[in-house]
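# Coordinate inspection notes
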Amino acid sequence: LVEPDGTGWMAGDRRIIQGSTSMVIAQPKIYQQGPILIGVTGTTEVIELTRRCSSDLDYNLDQSDVDSYLWNALIPGLRKDGKERGIMGTKDGCDFLAGDFLIFGAGGLWFGSNMTVADRLAHCFFAIGSGKAAALGALYSTSESGLCQAMPHRDTRKRLLVALRAAAAWEVDCGPPFDIL
């Protein structure tokens, strides 16, 4: 979520799906890497790969140039390491890594699909993962332009908790513990 002043927030649960089993993982799926926030979905292997690639990169991370970081460092690192570890697949002739990521930096949000492409979003909030529809609905309804004015817009932590709880209520594969950065 991006505040009007450019401040960024990210929230996530710790549930993942491994095969047909929903389980809680120890490490958060959201974290801070230098001046940016990163959230990731997928299997434990994809989440660990993303965390390791983003921290192992020898890259002078500048929050003002998130596009350069994504296209010159993070995405090539994910492709390379994913192939080496045998978890990068091919779909319709393109590299494919089952998971998505969301990045906050430079006052904006970037969405990466299948860990191989990324675009800056025009919206000030977005969601990824199993409970994204309920989370997006909760974020919209608690926004200034939303249908419900019951919650002050400036109480971002409460808005994010409402979104997390909505996702958990509507999606069996979402649930506590919740993390907010």
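Report on the accompanying structure. All figures in this text were calculated on a predicted structure; none of them were measured in a lab.

When its volume is computed, the largest pocket comes out at roughly 660 Å³. Taken together, 36 residues line the largest pocket, and the ones lying closest to its centre are Asp13, Lys29, Thr41, Ile128 and Gly129. Breaking the lining of the largest pocket down by element, the ones donating at least two residues are β1 (11–13), β2 (15–18), β5 (36–40), α3 (132–141) and α4 (156–170). Residues belonging to the lining of the largest pocket are distributed by class as follows: 21 nonpolar, ten polar and five charged.

Another aspect to go through is the nonpolar core. In terms of nonpolar packing, the biggest core is built from 19 residues, with Leu70, Leu74, Phe101 and Ile103 touching the most fellow members. Sorting the residues of this core by element identifies β5, α1 (44–56), α2 (66–84) and β8 (100–105) as the ones contributing at least two each. Ranked by the residues each element gives to this core, the list is headed by α2, at seven residues. Ignoring anything within four residues of it in the chain, the contact list for leucine 70 reads Ile75, Pro76, Phe101, Ile103, Trp110 and Ala118.

Our next topic: the packing of α3 against α4. Describing two packed helices takes the angle between their axes plus the distance from one axis to the other. Two elements in contact, α3 and α4, have axes separated by 7 Å at closest approach and are oriented at 145°. Remark: the crossing between α3 and α4 carries right-handed chirality. In this structure, α3 contributes Ala134, Ala135, Ala138 and Leu139 to the contact, and α4 contributes Arg159, Leu160, Val162, Ala163, Ala166, Ala167 and Trp170. Looking at side-chain class alone, the contact of α3 with α4 contains ten nonpolar, no polar and one charged residues.

Glancing now at the sheet that holds strand β4 (residues 30–33). Sheet architecture is open: five strands sit in the order β4-β5-β8-β9-β10, paired in antiparallel fashion. Either end of the sheet is taken by a strand with one partner, and the two such strands are β4 and β10 (117–120). Sheet twist, expressed as the average angle between the axes of neighbouring strands with direction ignored, equals 20°. Here β4 runs beside β5; their pairing, made up of four bridges, is antiparallel. Paired with glutamine 33 across the bridge in β5 is isoleucine 36.

On to unusual backbone geometry. Of the consecutive residues proline 176 and proline 177, the connecting peptide bond is found in the cis state with omega at 5°. Residue placement: proline 177 occurs in the loop between α4 and β11 (178–180).

A few words on the pairing of strand β3 (residues 21–24). Summarising the sheet, β2 and β3 pair through four bridges and their orientation is antiparallel. If you follow isoleucine 17 over to β3, its bridge partner there is serine 22. Joining the antiparallel neighbours β2 and β3 is a turn of two residues, in which glycine 19 adopts a positive phi near 70°.

Taken as a whole and assessed by the stated rule, the structure comprises one aromatic pair. Consider the rings of phenylalanine 111 and phenylalanine 126, whose centres lie 5.1 Å apart with planes at 55°: the pair is tilted. A residue pair is termed long-range when its members are at least 10 positions apart, and phenylalanine 111 in strand β9 (residues 108–113) and phenylalanine 126 in the loop between β10 and α3 qualify at 15 residues. For phenylalanine 111, a relative accessible area of 21% translates into the label partly exposed. In this structure, arginine 159 packs its charged tip against the face of phenylalanine 125, placed 5.9 Å from the ring centre.

Rules behind the numbers
- Residues numbered from 1 in each chain as written.
- Predicted model: local features only at pLDDT ≥ 70, side-chain atom pairs only at ≥ 80, totals over all residues.
- Heavy atoms only, no water.
- 1 Å grid on protein atoms, 1.4 Å probe; cavity = no way out; pocket = protein on both sides within 12 Å on 5 of 7 lines; lining within 4 Å.
- Points joined across faces, edges and corners; volume = space filled by probe spheres on them.
- Helix = DSSP H or I, 4+ residues; strand = E, 2+ residues; numbered from the N terminus.
- Nonpolar A, V, L, I, M, F, W, Y, C, P; charged D, E, K, R; others polar.
- Core = buried A, V, L, I, M, F, W, Y, C linked by side-chain atoms within 4.5 Å.
- Buried < 20%, exposed > 50% of the residue type's maximum accessible area, 1.4 Å probe, protein only.
- Contact = heavy atoms within 4.5 Å.
- Axes fitted to C-alpha atoms, helices over the stretch in contact; angles between N-to-C directions.
- Left-handed = near helix turned anticlockwise from the far one by under 90°.
- Pairing = 2+ DSSP bridges.
- Phe/Tyr/Trp six-rings, centres within 6.5 Å; stacked < 30°, edge-to-face > 60°.
- Lys NZ or Arg CZ within 6 Å of the ring centre and 35° of its normal.

It is worth stressing that arrangement in space is one thing and function is another; only the former is reported here.
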